[in-house]
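If you want the building blocks of each chain, they are given just below.
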Amino acid sequence: MSEVGVVGVGITKFGVRSDASLRELAFEAVKDALEHCNLTIKDVDALVCGVWSDEASKAASPSLQIADYLGILPKPSYRVEAACATGSAAIRSAWALIKSGIHDIVLVVGVEKMTEHITSEMVEIIGKTGDVFWEYPFGITFPGYYALMARAHMKEFGTTREQLAMVAVKNHRNAINNPIAHFRKEISIDTVLTSKMISDPLTLYDCSPITDGAAAVVLASAEKAKKITDVPIWLCGLGAASDHHSILNRRRLTGIDAVIYASREAYRMAKIEPKDVDVAEVHDCFTIAEIIAYEDLGFCEEGRGGKLVEDGETEINGRIPVNVDGGLKAKGHPIGATGVAQVVEIVKQLRGEAQGRQVSGAKIGLTHNVGATGQSVYVHIYRR
Amino acid sequence: MGIEEFTIYKDSKVDKFAEYLKDGKVMATRCKNCKNVFYPPRADCSSCYTSDVEWFELDRKGKLITFTVIHVAPKRYSTSTPLSSEFKPYAIGVVELKSGHRAMGWLAFEPSKIEVGMALLLSPKKLPDGKVTIFLEPV
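Residues numbered from 1 in each chain as written. Chains lettered and ligands numbered in written order. Predicted model: local features only at pLDDT ≥ 70, side-chain atom pairs only at ≥ 80, totals over all residues. Heavy atoms only, no water.

### Some words on the overall build of chain A
Helix and strand counts for chain A stand at 14 helices and 11 strands. Relative to a compact globule of 384 residues, whose C-alpha radius of gyration would be 21 Å, chain A shows 19 Å and is just as compact. Scored against the burial criterion, the 384 residues of chain A give a buried share of 66%. In chain A, of all internal contacts separated by at least 6 residues, the share reaching a separation of at least 24 is 77%. Split by element, the accessible area of chain A, about 13,000 Å² in all, is 49% carbon and sulfur. (Helix = DSSP H or I, 4+ residues; strand = E, 2+ residues; numbered from the N terminus. Rg over C-alpha atoms; globule rule 2.2 N^0.38 Å. Buried < 20%, exposed > 50% of the residue type's maximum accessible area, 1.4 Å probe, protein only. Contact = heavy atoms within 4.5 Å. Areas by Shrake-Rupley, 256 points an atom, 1.4 Å probe, with all protein chains shown as cover.)

### Let's talk about the overall build of chain B
Of regular secondary structure, chain B possesses one helix and eight strands. In sequence order, the secondary structure elements of chain B are arranged as α-β-β-β-β-β-β-β-β. Computed over the C-alpha atoms, the radius of gyration of chain B is 16 Å, within 12% of the 14 Å expected from 2.2 N^0.38 for a compact globule of 139 residues. Overall, the C-alpha framework of chain B stretches about 45 × 35 × 25 Å when taken along its three principal axes.

### What about helix α6 (residues 142-157) of chain A?
Residue and element names in this part refer to chain A. A rise of 1.5 Å per residue sets the reference length of α6, with its 16 residues, at 22 Å; its end C-alpha atoms lie 22 Å apart and thus fit the reference within 8%. Among the 16 residues of α6, 13 are classified as buried, and the element is accordingly described as predominantly covered. The backbone nitrogen of Gly144 lies 2.9 Å from a side-chain oxygen of the residue at the head of α6, namely Thr141. Just past α6, the residue Gly158 takes up positive phi, approximately 75 degrees. (Expected span 1.5 Å × (residues − 1). Polar contact = N/O pair within 3.5 Å; in protein donor to acceptor, adjacent residues only side chain to side chain.)

### Concerning the interface of chain A and chain B
Counting residues at the interface gives 33 residues for chain A and 37 residues for chain B. Roughly 3,200 Å² of surface becomes buried between chain A and chain B when both sides are summed, with 69% attributable to carbon and sulfur atoms. Three residues stand out in chain A for area buried against chain B, namely Trp134, Phe138 and Leu248 of chain A, and they jointly supply 26% of the buried area on that side. Lys75 of chain B serves as the salt-bridge partner of Glu121 of chain A, at 3.5 Å between the closest nitrogen and oxygen. Where chain A touches chain B, the interface holds 19 residue pairs in polar contact (both at pLDDT 80 or more). Within the residue set of the side of chain A that touches chain B, elements represented by two or more residues are α5 (119-127), α6 and β5 (197-200) of chain A. Examining the composition of the side of chain A that touches chain B, we find that six residues originate from one element, α6 of chain A, more than from any other. By residue class, the composition of the side of chain A that touches chain B is 16 nonpolar, seven polar and 10 charged. In this sheet, strand β4 (residues 61-70) of chain B lies alongside β5 of chain A in antiparallel orientation, the contact comprising two bridges. Note that in β4 of chain B the partner of Asp200 of chain A across the bridge is Val69 of chain B. (Buried area = accessible area lost by both parts, 1.4 Å probe. Salt bridge = Lys/Arg side-chain N within 4 Å of Asp/Glu carboxyl O. Nonpolar A, V, L, I, M, F, W, Y, C, P; charged D, E, K, R; others polar. Pairing = 2+ DSSP bridges.)

### Looking at the pairing of strand β1 (residues 27-31) of chain B
Residue and element names in this part refer to chain B. The buried fraction of β1 is high, at four of five residues. Summarising the sheet, β1 and strand β3 (residues 53-57) pair through five bridges and their orientation is antiparallel. Residue Met27 lies in a different strand from β3, and its bridge partner there is Glu57. Two strands pair when backbone bridges link them, and β1 and strand β2 (residues 37-38) are joined in this way by two bridges, in the antiparallel orientation.

### Side note on a negative patch on the surface
On the surface, Asp11, Asp15, Glu19 and Asp23 of chain B cluster together to form a negatively charged patch. Exposure remark for Asp15 of chain B: the relative accessible area of 31% places this residue in the partly exposed category. (Patch = residues over 30% accessible without salt bridge, like charges linked within 9 Å, V, L, I, M, F, W, Y side chains within 5 Å. Lys, Arg positive; Asp, Glu negative; His and termini not counted. Charge placed at Lys NZ, Arg CZ, Asp CG, Glu CD.)

### Concerning the side chain of Ser84 of chain B
Residue and element names in this part refer to chain B. With respect to the element layout, Ser84 can be found in the loop between β4 and β5 (90-97). Taking relative accessible area as the criterion, Ser84 reaches 17% and is therefore assigned buried. A distance of 2.6 Å separates a polar atom in the side chain of Ser84 from the backbone oxygen of Glu86.

### Some thoughts on the pattern of salt bridges
All names here are of chain A. One pass over the structure, following the stated rule, counts 32 salt bridges over all chains. A salt bridge links Glu35 to Lys31; the nearest nitrogen and oxygen atoms lie 3.5 Å apart. Taken together, the residues span about one helical turn, with Glu35 and Lys31 both in helix α1 (residues 22-37) at a distance of four residues. For Lys31, a relative accessible area of 45% puts it in the partly exposed group. Among the salt bridges present, the one from Glu353 reaches Arg351, with a minimum N-O distance of 2.8 Å. Residue class for Glu353 comes out partly exposed when judged on its relative accessible area of 31%. When salt bridges that share partners are traced, they join Arg251, Arg252, Asp257, Asp296 and Glu302 into one network.

If you want it as structure tokens, here you go:
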């Protein structure tokens, strides 16, 4: 089977980007990605744009302003959206466009501009990604959904408040070595435990921040990829799955079933097992989300995620390094950009270009991107 | 009036849900064809794709399986909540009913008394803002 390769990646500085608009952020990331593979925008056959929220973007169809600003015309552009998994949905769509044969080189850009809104506005906009009809009337928020999962996990498996904090401590430490990360400061377990309560039991430091940023990836057919670069990174395993919109209808609140389905599909396609993964980017929108990810991806048994981080197994020098770029937690979570930014890190790792945070000898990388607290899930596997 | 008394939308095929709440009943729907049960209620069966559903009343007794206390609220709730004219952290819980179905509701009592596993009753209530909602009250 002919494969699809990533030939170039690019990313902006993540953070409060009061110096740039939505479209300008997208441009920065695309320029970086095109320079990475020595192509121009004229070489690109199509654009897939991942941008999550019209409300956050203060626009209807915000991808259209982005497409024009990138100079893609007269080539076509598409918008893909799957809540916080928007970026990975865009990558999967680009893969399918190339595999179908209608395009050879596809540019994916993921972008979000979030900090023009005050916190309570953003909390409301993000909260409405959940079931607006049936759950929003109770004043539920996104930290609220994950707090419900955290408490259920703690009750069922004895996961501790300190273990949740260890995820934040690890990812903040990793972000120190990532120049584009939103936060680059070491924190302690105590910092997490004593920070402002957001949604009990989750505090401020259990939550990913509200961040602006963009990331871009150039994908190409196998034939083109080999001509463009000596080190194409192959997207060799794809898995995607859904769960119910209302969390009330899901089988369990202690994990995300769609991750089990999506990851097993991706492992099968890539012909690997969880133990073969050298470096993983997982969707740590909240600390509990990373612990649940370990379990659902098969890095450890169900209920043992807290122990895995406590034992240092997911540290950069551990058995399975997770979120060595700081993750959503410290690098930041500009929603549409996140899934694409995960690919940027994995590609840098597999090419040996992750200066200061390189996992030595990494050959197989995984991205895990979760939308709407588990409704939309994409797991992708990349190989050198 | 209809479902807008419960949620932020006006139009729905299950708008009787709010009316039933006002009568003190928490209602679910059941597909007459394949007997699938839906809570929150649905007008259409996602399994057999028929739209012949009937209302039935849920046994309101359940057990708390998880909860949270929200300290940072969405804009709509951030100066006051439906429970209070000033903003105070508010608790939300999920109960599992005897039937195995789960429901969400406000926990409008002292947060230190909330415990996973406690027996609770789904209690429809009218709020000061005129809406109807569901509280989870100790049995």
